[in-house]
Amino acid sequence: MTHNRQVRDVVFVDGVRTPFGRAGEKGIYAGTRADDLVVKCIRELMRRNPSLPAARIDEVSIAATTQTGDQGLTIGRTAALLAGLPKSVPGFAIDRMCAGAMTAVTTTASGIGFGAYDVVIAGGVEHMGNHPMGSGADPNPRFMSERLVDPAALNMGNTAENLHDRFPTITKDRTDAFAVGSQNKLAKAYQDGLIQPDLVPVATLKPEKGWALNTVDEPPRPGTTVEDLASLRTPFRAHGRVTAGNAAGLNDGATAALLASAEAAEELGLTVKMRLVSYAFAGVEPEVMGIGPVPATEKALKMAGLGIEDIGLFEINEAFAVQVLSFLDHFGIADEDPRVNRYGGAIAVGHPLASSGVRLMNQLASQFEHDHSVRYGITTMCIGLGMGGTVVWENPHWDGTATEEENAA
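Basis of the calculations
- Residues numbered from 1 in each chain as written.
- Predicted model: local features only at pLDDT ≥ 70, side-chain atom pairs only at ≥ 80, totals over all residues.
- Heavy atoms only, no water.
- UniProt positions renumbered as here; feature names shortened; annotations may be inferred.
- Helix = DSSP H or I, 4+ residues; strand = E, 2+ residues; numbered from the N terminus.
- Buried < 20%, exposed > 50% of the residue type's maximum accessible area, 1.4 Å probe, protein only.
- Contact = heavy atoms within 4.5 Å.
- Patch = residues over 30% accessible without salt bridge, like charges linked within 9 Å, V, L, I, M, F, W, Y side chains within 5 Å.
- Areas by Shrake-Rupley, 256 points an atom, 1.4 Å probe, with all protein chains shown as cover.
- Salt bridge = Lys/Arg side-chain N within 4 Å of Asp/Glu carboxyl O.
- Phe/Tyr/Trp six-rings, centres within 6.5 Å; stacked < 30°, edge-to-face > 60°.
- Lys NZ or Arg CZ within 6 Å of the ring centre and 35° of its normal.
- Polar contact = N/O pair within 3.5 Å; in protein donor to acceptor, adjacent residues only side chain to side chain.
- Core = buried A, V, L, I, M, F, W, Y, C linked by side-chain atoms within 4.5 Å.
- Axes fitted to C-alpha atoms, helices over the stretch in contact; angles between N-to-C directions.
- Parallel < 35°, antiparallel > 145°, perpendicular 65-115°, else oblique.
- Nonpolar A, V, L, I, M, F, W, Y, C, P; charged D, E, K, R; others polar.
- Expected span 1.5 Å × (residues − 1).
- Pairing = 2+ DSSP bridges.

**Q** Tell me about the UniProt feature "active site" (unreviewed entry) in the protein, and please be specific about residues and values.
**A** On the UniProt side, "active site" (unreviewed entry) is annotated at positions that read Cys98, His351 and Cys382 here. These annotated residues cover 285 residues of sequence, but their C-alpha atoms sit close together, with the largest distance between any two at 11.9 Å. By secondary structure assignment, the location of Cys98 is in the loop between β4 (91–94) and α3 (100–114). Cys98 gets classed as buried once you look at its relative accessible area, which sits at 10%. In contact with Cys98, other than residues within four places in its own chain, are Thr65, His351, Leu353, Ala354, Met381, Cys382, Ile383 and Gly384. Checked against the element boundaries, Cys382 lands in strand β11 (residues 376–383). Those residues within four positions of Cys382 in sequence are excluded, and the remaining contacts are Cys98, Met289, Gly290, Pro293, Ala319, Gln323, Met387 and Gly388.

**Q** How would you sum up a nonpolar patch on the surface? Please name residues and give values.
**A** On the surface, a cluster of nonpolar side chains totalling about 420 Å² of accessible area is made up of Phe143, Met144, Leu148, Leu154 and Leu385. By the element assignment, Phe143 lies in helix α4 (residues 142–145). Given a relative accessible area of 32%, Phe143 falls into the partly exposed group.

**Q** Break down the packing of aromatic side chains for me, with residues and values.
**A** For the structure shown, the criterion picks out four aromatic pairs. For the ring pair Phe327 and Phe331, a centre distance of 4.8 Å and an interplane angle of 55° mean the geometry is tilted. By relative accessible area, Phe331 is classed as buried at 16%. One Lys or Arg, Arg96, reaches over the ring of Phe281 and ends 3.7 Å from the middle of that ring. In this structure, Arg375 packs its charged tip against the face of Trp398, placed 4.4 Å from the ring centre.

**Q** If you had to explain the side chain of Thr379 to someone new, which residues and values would you point to?
**A** Here Thr379 shows up in strand β11. Taking relative accessible area as the criterion, Thr379 reaches 0% and is therefore assigned buried. Here the side chain of Thr379 touches Trp393 through a polar contact of 3.3 Å, side chain to side chain. Beyond its immediate chain neighbours, meaning those up to four positions away, Thr379 contacts Met102, Glu315, Leu360, Met361, Leu364, Gly389, Thr390, Val391 and Trp393.

**Q** Can you tell me about the pattern of salt bridges, naming the residues and giving the values?
**A** Counted by the stated rule, this structure contains 22 salt bridges. Between Asp335 and Arg174 there is a salt bridge; the shortest N-O distance is 2.8 Å. Note that Asp335 is positioned in the loop between α10 (321–330) and α11 (346–349) and Arg174 in helix α6 (residues 172–191), a separation of 161 residues in sequence. Each of the salt bridges in this network shares a partner with another, and the network as a whole consists of Arg8, Arg56, Asp118 and Glu267.

**Q** An account of the nonpolar core is needed here, citing residue identities and associated values.
**A** Ranked by size, the top nonpolar core spans 39 residues in total, and within it Phe314, Phe320, Phe327 and Leu328 carry the most contacts. Counting residues per element, the ones that place at least two in this core are α5 (156–166), α6, α9 (293–304), β10 (311–316), α10 and β11. The greatest single-element share of this core, amounting to six residues, is contributed by α10. Ignoring sequence-local partners within four residues, the contact set of Leu328 consists of Phe178, Ile316, Ile333, Ala334, Asp335 and Val340. Counting residues in hydrophobic clusters, the runner-up holds 37 residues, among them Ile28, Leu45, Met46 and Leu268.

**Q** Break down the environment of Pro201 for me, citing the residues and quoting the values.
**A** Along the polypeptide, Pro201 turns up in the loop between α6 and β6 (202–206). Since its relative accessible area comes to 40%, Pro201 is described here as partly exposed. Considering only alpha carbons, one finds Pro201 and Arg17, 184 residues apart in sequence, at a separation of 9.1 Å. Sequence-distant contacts of Pro201, defined by excluding residues within four places in its chain, comprise Lys40, Leu213, Asn214 and Thr215.

**Q** Describe the packing of α3 against helix α12 (residues 356–370), naming the residues involved and giving the relevant values.
**A** Interaxial distance between α3 and α12 falls to 5 Å at its minimum, and their mutual angle equals 70°. Judged by the inter-axis angle, α3 sits roughly perpendicular to α12. Taken together, the residues of α12 that come into contact with α3 (itself represented by Ala101, Met102 and Val105) are Gly357, Val358 and Met361. Residue composition of the contact of α3 with α12, grouped by class: five nonpolar, one polar and no charged.

**Q** Which residues make up α3, and what values go with them?
**A** Compared with the 21 Å implied by 1.5 Å per residue over 15 residues, the 21 Å span of α3 between its first and last C-alpha is a close match. Counting buried positions over the 15 residues of α3 gives 12, a clear majority of the element. Looking at α3, one finds that the buried residues are Gly100, Ala101, Met102, Thr103, Ala104, Val105, Thr106, Thr108, Ala109, Gly111, Ile112 and Gly113.

**Q** Explain the pairing of strand β1 (residues 10–17) to me, using residue names and the numbers behind them.
**A** Taking burial as the measure, the eight residues of β1 include eight buried ones, the bulk of the element. Pairing of β1 with strand β9 (residues 274–283) involves two bridges; the strand directions are antiparallel. Along β9, the bridge assignment pairs Phe12 with Met274.

**Q** Would you mind going over unusual backbone geometry in detail, with residue names and values included?
**A** Positive phi outside glycine occurs at Leu73, with the angle close to 60°. Looking at where Leu73 falls in the secondary structure, it is placed in the loop between β3 (59–63) and α2 (75–82).

Dropping the structure here:
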């Protein structure tokens, strides 16, 4: 018996996220459960897409890096039940550290392409206040005793300092300038109303302060200057270059996206914000994990039959400024190239580990909507323990005759 099965087109229908908070007792989500943040995102996706019957969702994939407590118990399934989806809708949890939500998207997208699913919800959550990075982990002693990895590999800040060592042309001045640019671009995106459409308001209750409705991100520091950043201490190395100002912070937040086959989207009257072209993950030396997006991007572009010159927009997760600049330098892209992180990035908005992949996609989808001159864009990120992940997307609004200036007008 032969089975004729064709790969189907996969589309990004919609994406939402909670405002991101600062981790810790003073953060907006102190006392809030991680799974409740996911529930907010799932419910908002359903509210925003009323033509989608809940029973048509074939899978819910939710990522978390620390899969215990309120982020444990197969959070994709538990969040689906808590959100009120039918009990017939299955779910699962996923972990690829910082690229958790990205992997939730690519894994379920593969299921759509294969024909196993028509419509899925994929996203991620990280409550770093409830679960500090690495809490509860027990790295095998062989990593150190047999020198399988450099000791720096288990501390992300040290891996960023190692990147500075490897690429001495990436100076602290450059990373600080890039970080200030991220803050400024995010502030302008907020001013222009470009971030708010992605955000789900989250009500929180604090014993001393009562109820609060959180509608904006907590981490941004608009007005930050290079002079401000120059005075910050370098916690990972004496006289180092990585600071709290040129790296993403410790954050809480959740994201979720709605994906579908092109046929199901048309049948159900769902919008199409992006079309998936290709994706790839790649491994690198764990002690310089920040370089991971380079081989992942080369692999994804090769699979798509594209070159770096075909990419009109880049959404690069800013775990550390040095990591973004190493990517840009490799591909010959200027530090201030207008195609890169147009709305700012994680240095300004925050990086709740496993949730960030869908934030990148939300921002790229918004840029596609506003700039019909761009046909292809990528979302890419470095991943702890030495990996990178890249997804190539196509703009359904692309107009080959349009220019960026015409779109702006």
